Amino acid sequence: MAGQQQFSPLQIQTWRPWLSELMPGFLLCIVVGMAAKFVSEHYGGPTILYALLMGMSLNYLSLEGKCVAGIQFAAKAILRFGIALLGARITIEQLLGLGITPIAIVVVGVPATIIFGYFCGQWLKQSKSQSILTGASVGICGASAALAVSAVLPQDKDADKNLIFTIIGVTALSTVAMIGYPLVVTGLGLDEVESGIFLGATIHDVAQVVGAGYMMSDDVGDVATFTKLLRVAALVPVVVVISLMVAKNGKSKAPGASSLPLPGFLIAFVVIVLINSTGYLPNLVSEGMIDLSRWCLVIAMVGLGMKASFKELAAMGWRPVALLIAETVFLAALVAIWLFMAR
């Protein structure tokens, strides 16, 4: 009894400020997500797309005010939790059925995009650091890759500006791709597996890959998520290689950038897939995880839409924008050609 009296007030004092900061924006995302679900069920169309568009209409709420922290929480933490739970939909047997194509595309596509970005950036008179940074963010996993790679690149007066631009630009292009690429794969006549591989191998951020894949179908979403997480896993060796190259050239990098663990949501996703593959995960638990994952992704898509700002991208000038677009088109063309040749 005494122990409870001692623990409870301490717990309340610890959690109350955090909850009061997050709740307004987080509850707003939940309400908008429920509205998107209602519209989808009554008028047809993908819930995730409605969630994104409704979120974008409320972009101003992510700029200032009480909702900012909760929107950020929904767009990042809830998204990663939802992706981890997607492992309950997938088994190793299903992944083996995809063949070696997703792995081969990632192994070739990631370094090819970085190399293309480097030389294209030189032609467009961009710095070497900016060229590598944008190439890695497009080739691997968008804003997350930009943050990780920037930590090991030489730090000069333009480093922060380049990082901010890359995050804004790659997020905006990824949102455009999320809406446009499902139309592209339909126009190319790709089947569900090929569509999933294309979406997972070409869209920059994890959130938009999930959105585009499950916008088409659950099967496309599963393949797209697996392919994308292969690209996320490539972040570790890429950052290690870039770090070694920077160290060899004797240039300074950001402090505290000596190591990079795998993202926690990727590890959780793999663990859940392994458990699900054993057949010991009860159907009731599996179905509950899948339903919770779907709601997490809808809520995260609302938050992501609220954070989207195309106006900021337009103010950056044409050369860095052209570099990002060129890298995006290069990766999409490479994957599309590969898929057609593999038929």
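For the structure, check the block above.
Along every chain, residues carry numbers that run from 1 in the direction the sequence is written. The model is predicted, so local features are restricted to residues of pLDDT at least 70 and side-chain atom pairs to those at 80 or more, both for listing and for counting; the totals for chains, interfaces and linings are taken over all residues. Based on all heavy atoms of the structure, the side-chain values leave hydrogens and waters out of the count.

**Student:** What am I meant to see in the overall build of the protein here?
**Tutor:** Segments assigned H or I by DSSP are reported as helices when at least four residues long, segments assigned E as strands when at least two residues long, and all are numbered from the N terminus. Helix and strand counts for the protein stand at 16 helices and zero strands. Note on contacts: a residue pair qualifies if any of its non-hydrogen atoms lie within 4.5 Å across the two residues. Long-range contacts, defined here as pairs at least 24 residues apart, represent 82% of the contacts in the protein between residues at least 6 apart. Split by element, the accessible area of the protein, about 16,700 Å² in all, is 69% carbon and sulfur. To measure how exposed things are, a 1.4 Å probe is used in the Shrake-Rupley method; for residues, cover is taken only from the protein chains shown.

**Student:** Help me understand unusual backbone geometry, please; the structure alone is not making it clear to me.
**Tutor:** Note: most peptide bonds trans; most residues except glycine with negative phi. Here the phi dihedral of K125 falls at roughly 65°; this positive angle occurs in a residue that is not glycine. With respect to the helices and strands, K125 occurs in the loop between α5 (101-123) and α6 (128-139). A simple rule labels every residue: compare its accessible area, found with a 1.4 Å probe on the protein chains alone, to the largest value its type can have, and call it buried under 20%, exposed over 50%, or partly exposed in between. Overall, the relative accessible area of 68% leaves K125 in the exposed class.

**Student:** What's the story with α6 in this structure? I'm lost.
**Tutor:** An α-helix turns once every 3.6 residues. As a result, residues three or four positions apart point the same way. Helix length check: α6, at twelve residues, gives a terminal C-alpha distance of 16 Å against a target of 16 Å (1.5 Å per residue), a fit within 8%. Of all twelve residues in α6, eleven are buried, a share of seventy percent or more. For α6, the full list of buried residues reads S129, Q130, S131, I132, L133, T134, G135, A136, S137, V138 and G139. The length a helix should cover is 1.5 Å for every residue beyond the first.

**Student:** How do you make sense of the state of the cysteines when you look at a structure like this?
**Tutor:** Note: disulfide means a covalent bond formed between the sulfur atoms of two cysteine side chains. We call a pair of cysteine sulfur atoms a disulfide when they lie within 2.5 Å. Counted by the stated rule, this structure contains zero disulfides. Cysteine C67 remains unbridged, with the sulfur of C29 as its closest cysteine sulfur at 8.1 Å.

**Student:** I would appreciate a short explanation of the packing of α5 against helix α16 (residues 318-341) in the present structure.
**Tutor:** Two numbers describe a pair of packed helices, the interaxial angle and the distance between the axes. Contact geometry for α5 and α16: axes closest at 10 Å, N-to-C directions at 150°. Here α5 lies roughly antiparallel to α16, going by the angle between them. The element α5 and its partner α16 pack so that their crossing is right-handed. Contact with α5, carried on its side by T101, A104, I105, V108, G109, A112, T113, F116, G117, C120 and G121, involves L323, A326, E327, F330, L331, L334, V335, W338 and L339 of α16 and no other residues of that element. In this analysis, axes come from line fits to C-alpha atoms, helices being fitted only over the stretch in contact, and the angle between any two N-to-C directions falls in the range 0 to 180 degrees. Any angle between 65 and 115 degrees counts as roughly perpendicular, while under 35 counts as roughly parallel, over 145 as roughly antiparallel, and the rest as oblique. Two helices that cross are described as forming a left-handed crossing if the nearer one is turned anticlockwise from the farther one by less than a right angle, and a right-handed crossing if clockwise.

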